[in-house]
Amino acid sequence: MTAFIKDTHDLATAIRARRKQLKMTQAYLASMMGVSRQLIGELEKGMPGVNVGLALDVCRELGLKLGYEDASDDQTA
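Residues take numbers from 1 onward in each chain, read along the sequence in its written order. Given that the model is predicted, a residue must reach a pLDDT of at least 70 before its local features are reported, and side-chain atom pairs must reach 80 or more before they are shown or counted; all residues, however, enter totals for whole chains, interfaces and linings. Excluded from the side-chain calculation are hydrogens and water; included are all heavy atoms of the structure.

Visitor: I tried to follow the layout of surface pockets on my own but got confused; where do I start?
Guide: Over the atoms rolls a probe the size of a water molecule, and in doing so it shows where empty space is left. Only protein atoms enter the 1 Å grid used here, on which a cavity is any set of points holding a 1.4 Å probe that cannot leave and a pocket is any open set flanked by protein within 12 Å on both sides along at least five of seven lines; residues with an atom within 4 Å of a point are listed as lining. Grid points are joined across faces, edges and corners, and a volume is the space filled by probe spheres set on the points. Empty space within the largest pocket amounts to approximately 1000 Å³. Of all the elements in the fold, those that place two or more residues in the lining of the largest pocket are helix 1 (8-21) and helix 4 (52-62). Helical segments are the DSSP runs of H or I of at least four residues, strand segments are the runs of E of at least two, and each set is numbered from the N terminus. Tallying contributions element by element places helix 1 first for the lining of the largest pocket, with 8 residues. Amino acids outside the nonpolar list (Ala, Val, Leu, Ile, Met, Phe, Trp, Tyr, Cys, Pro) and the charged list (Asp, Glu, Lys, Arg) are all regarded as polar, and Gly is one of them. In terms of residue class, the lining of the largest pocket is built from 18 nonpolar, 8 polar and 8 charged.

In structure tokens form, the structure reads like this:
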């Protein structure tokens, strides 16, 4: 499945959905990542102050691939 991430809310939704699909709790994911459960919760809420590096590490740990598409040729942008 391919989904386009347009903002922090979209990224948060994708992370939360994948974590739940893998039947992981926030606490378990946090312990795997070496961070607090609260930080995972903030990431899943789409809070803009969360470190981009952490978000990318969590995506990698959950098996999510992030990419980009050049929107300069997109007539809907």
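Structure's up, so let's keep going.
Visitor: Would you explain the nonpolar core in this entry?
Guide: Note that soluble globular proteins tend to have their nonpolar side chains buried in a common cluster. The set of buried Ala, Val, Leu, Ile, Met, Phe, Trp, Tyr and Cys residues whose side-chain atoms join them within 4.5 Å is what this entry labels a nonpolar core. Working definition: with a 1.4 Å probe on protein chains only, accessible area under 20% of the residue-type maximum means buried, over 50% means exposed, and in between means partly exposed. The biggest cluster of nonpolar side chains holds 14 residues, and the ones touching the most others in it are Leu11, Ile15, Leu29, Ile40, Leu43, Val58 and Leu62. Residue assignment for this core shows that the elements contributing at least two residues are helix 1, helix 2 (26-33), helix 3 (37-44) and helix 4. At 5 residues, helix 4 tops the list of elements feeding residues into this core. The contacts of Ile40, once residues within four sequence positions are left out, are Gln26, Leu29, Ala30, Val35 and Val58. We call two residues contacting when some pair of their heavy atoms lies within 4.5 Å.

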